[in-house]
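Remarks on the overall topology
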Amino acid sequence: FSADGTHVLDITQNGELVVLELARKTAVTIKPPAFSSQVLRDDGRWLVTFGERVPMQIWDTHTGKATATLETGIAAVAFLGDGKHVVTVAKAKKDVTAKIRSLSGKSREEIALVGWLVGVDVSPDGRELMLLSNRGRIWGAGGFWRVDARPGGRAREIHYEETTWKARPDWSRDGRRVAYSSYP
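The structure reproduced in this document is the subject of the present report. (Residues numbered from 1 in each chain as written. Predicted model: local features only at pLDDT ≥ 70, side-chain atom pairs only at ≥ 80, totals over all residues. Heavy atoms only, no water.)

Some words on the side chain of Arg-41
Put simply, the rule reads: Here a strand is any run of E in DSSP of at least two residues, a helix any run of H or I of at least four, and the numbering for each starts at the N terminus. Only heavy atoms matter for contacts: two residues are in contact if any of them lie within 4.5 Å across the pair.
Checked against the element boundaries, Arg-41 lands in the loop between β4 (37-40) and β5 (46-50). Apart from the residues within four sequence positions on either side, Arg-41 is in contact with Ser-2, Trp-46, Phe-79, Gly-83, Lys-84 and Leu-103.

Written out as structure tokens, the structure is:
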């Protein structure tokens, strides 16, 4: 389900994505060439597919067409609160930056955070990012960093634990909590 409950995303056995809009009782099939992850905007209007070895694509869920095709190697994507931009994180490269991009794919700005970045979520008000990074540590996936969503923004580690490379932060709607999964 989309966060607002208006859309359902289904993945078929042959790798197609079907976006069902419940109120209008419509379904749009999206046929990405390949992908390993997807993110649906809260209102179900836009979809992003991405993966380590496939290009990131931004899809219009009303037409089923890709509006932008970007680079490969994206590890995580999250929509900003305005719904018009996404934050992308490259796949585990040293000294990478999280990029804020418009839905057309143009890069608006970069947010520097030294270390490997492998997970991202955006605060409900869109002012901060929660990143999983090993900044300042030589081993492991690292901890969770709270970062101002602007170039040169302040970064603070808020929790360290040996997480998995697939750990993804998920900010609560009220912005007071962050959930994630890790190994026992």
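Some details on the nonpolar core
Buried together is how nonpolar side chains tend to be arranged in soluble globular proteins. What counts, and what does not: Here, nonpolar core means buried Ala, Val, Leu, Ile, Met, Phe, Trp, Tyr and Cys residues that are tied together by side-chain atoms lying within 4.5 Å of each other. The buried label applies to any residue whose accessible area, calculated with a 1.4 Å probe on protein chains only, is under 20% of its type's maximum; exposed applies above 50%, and partly exposed to all values in between.
Val-87, Val-89, Val-120, Val-122, Leu-129 and Leu-131 are the most contacted members of the largest nonpolar core, which totals 14 residues. Elements represented by at least two residues in this core include exactly β8 (74-79), β9 (85-90), β10 (97-102), β12 (117-122), β13 (128-133) and β14 (143-148). Leave out the neighbours within four places in its chain, and Val-120 touches Ala-76, Val-77, Ala-78, Val-87, Val-89, Met-130, Leu-131 and Pro-169. In this structure, Val-39, Trp-46, Val-77 and Val-86 belong to the second largest nonpolar core, which totals 13 residues.

Regarding the packing of aromatic side chains
The cut-off we apply is this: Planes of paired rings set the category: under 30 degrees apart is stacked, over 60 is edge-to-face and the rest tilted, where pairs are Phe, Tyr or Trp rings (Trp by its six-membered ring) whose centres lie within 6.5 Å. Should the NZ of a Lys or the CZ of an Arg lie within 6 Å of a ring centre and within 35 degrees of the ring normal, that charge is described as sitting over the ring.
Per the counting criterion, the structure on display carries zero aromatic pairs. Cation over ring: Arg-45 sits above Trp-46, and NZ or CZ is 5.1 Å from the ring centre.

Topic: the sheet that holds strand β1 (residues 7-11)
For the record, the criterion: Strands qualify as paired when DSSP identifies two bridges or more between them. Simply put, an axis is a line fit to the C-alpha atoms, just over the touching stretch for a helix, and the angle between two N-to-C directions goes from 0 to 180 degrees.
Sheet architecture is open: three strands sit in the order β1-β2-β3, paired in antiparallel fashion. Either end of the sheet is taken by a strand with one partner, and the two such strands are β1 and β3 (26-30). On average, each strand axis in the sheet is tilted by 20° relative to the strand beside it, whichever way the strands run. Taken together, the five bridges between strand β2 (residues 17-21) and β3 define a ladder with antiparallel strand orientation. Opposite Val-18, over in β3, you have Thr-29 as the bridge partner.

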